[in-house]
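Structure assessment
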Amino acid sequence: MICLLEKVIEMGMLFDFYGKLLTDRQQEVIYLYYYRDLSLGEIAEQLDISRQGVYDHIHRGEEVLKSYEQKLGLVSKYKRLKKELDGLSRYISDNKNINKTVKKDLLCRIDKISKEV
């Protein structure tokens, strides 16, 4: 069960970063499958294609998304930056030697950067 959930999260992130680079049909099928949680049969019925066609679109789309990540690494970079920002935020929050005003300013800056990433 955890592996399935991890795959859904991974595909969701890849789709968020690279989804617009897929064909329109791949985008539609992957969205319905991962975001709307529809079965292959439900997607096939909705789009008037075969279940095998749905499977093929999902499989090819996943491969393309993974390929973009291997080449560009945007999701990996995002995760590293987010982890660093979270660590800085915890360090500043926990550090008693930092002036409260400075601490508040730093945390606001980190929050702003986090939202832009």
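Look up a bit, the structure's there.
One numbering rule holds for all chains: residues counted from 1, following each sequence as written. With pLDDT at 70 or above as the cut-off, local features in this predicted model cover only qualifying residues; side-chain atom pairs require 80 or more to be listed or tallied, and sums for whole chains, interfaces and linings still use all residues. The side-chain figures draw on all heavy atoms in the structure; neither hydrogens nor water molecules are used.

1. Here we look at the overall build of the chain
Within the chain one finds six helices and zero strands. Helices (α) and strands (β) of the chain occur, in sequence order from the N terminus, as α-α-α-α-α-α. Just to be clear, the radius of gyration here is over C-alpha atoms, and the globule rule we use is 2.2 Å times residues to the power 0.38. Taken over C-alpha atoms, the radius of gyration comes to 20 Å for the chain, far larger than the 13 Å a tight globule of 117 residues would show. Per-residue burial over the chain gives 30% buried out of 117 residues. Across the chain, every contact between residues at least 6 apart in sequence was considered, and the portion connecting residues at least 24 apart equals 53%. Working definition of accessibility: Shrake-Rupley area with a 1.4 Å probe, residue cover restricted to the visible protein chains. Accessible surface, the chain: about 8700 Å² in total, of which carbon and sulfur atoms supply 54%. Labels follow the DSSP assignment, with helices taken as runs of H or I lasting at least four residues and strands as runs of E lasting at least two, numbered in each case from the N terminus. Accessible area is worked out with a 1.4 Å probe on protein chains only. A residue is then buried under 20% of its type maximum, exposed over 50%, and partly exposed in between. Only heavy atoms enter the contact rule, under which two residues are in contact if any of them lie within 4.5 Å.

2. A closer look at the pattern of salt bridges
Salt bridge, as used here: a side-chain nitrogen of Lys or Arg that lies within 4 Å of a carboxyl oxygen of Asp or Glu. Counting across every chain of the model gives five salt bridges. In this structure, the salt-bridge partner of R25 is E28, at a minimum N-O distance of 3.5 Å. Of this pair, R25 and E28 both sit in helix α2 (residues 24–35), separated by three residues, roughly a single helical turn. The residue K82 makes a salt bridge to D86 at a minimum N-O spacing of 3.7 Å. Of the two residues, K82 and D86 are both situated in helix α5 (residues 74–94); the distance of four residues between them amounts to about one turn of the helix. In this structure K82 comes out as partly exposed when scored by relative accessible area, which is 28%.

3. Quick look at helix α3 (residues 40–47)
Along an α-helix, a turn takes 3.6 residues, which lines up residues three or four apart on a common side. Three or more residues of α3 are buried, namely L40, I43, A44 and L47. Seen from one end, α3 has its buried residues packed into an arc of 100°, which puts them on one side. Opposite its buried face, α3 presents the exposed residues E45 and Q46, each directed more than 90 degrees away. Elements in contact with the buried residues of α3: α2 and α4 (51–72). Throughout, the arc means the angular range of directions from the helix axis out to the C-beta atoms.

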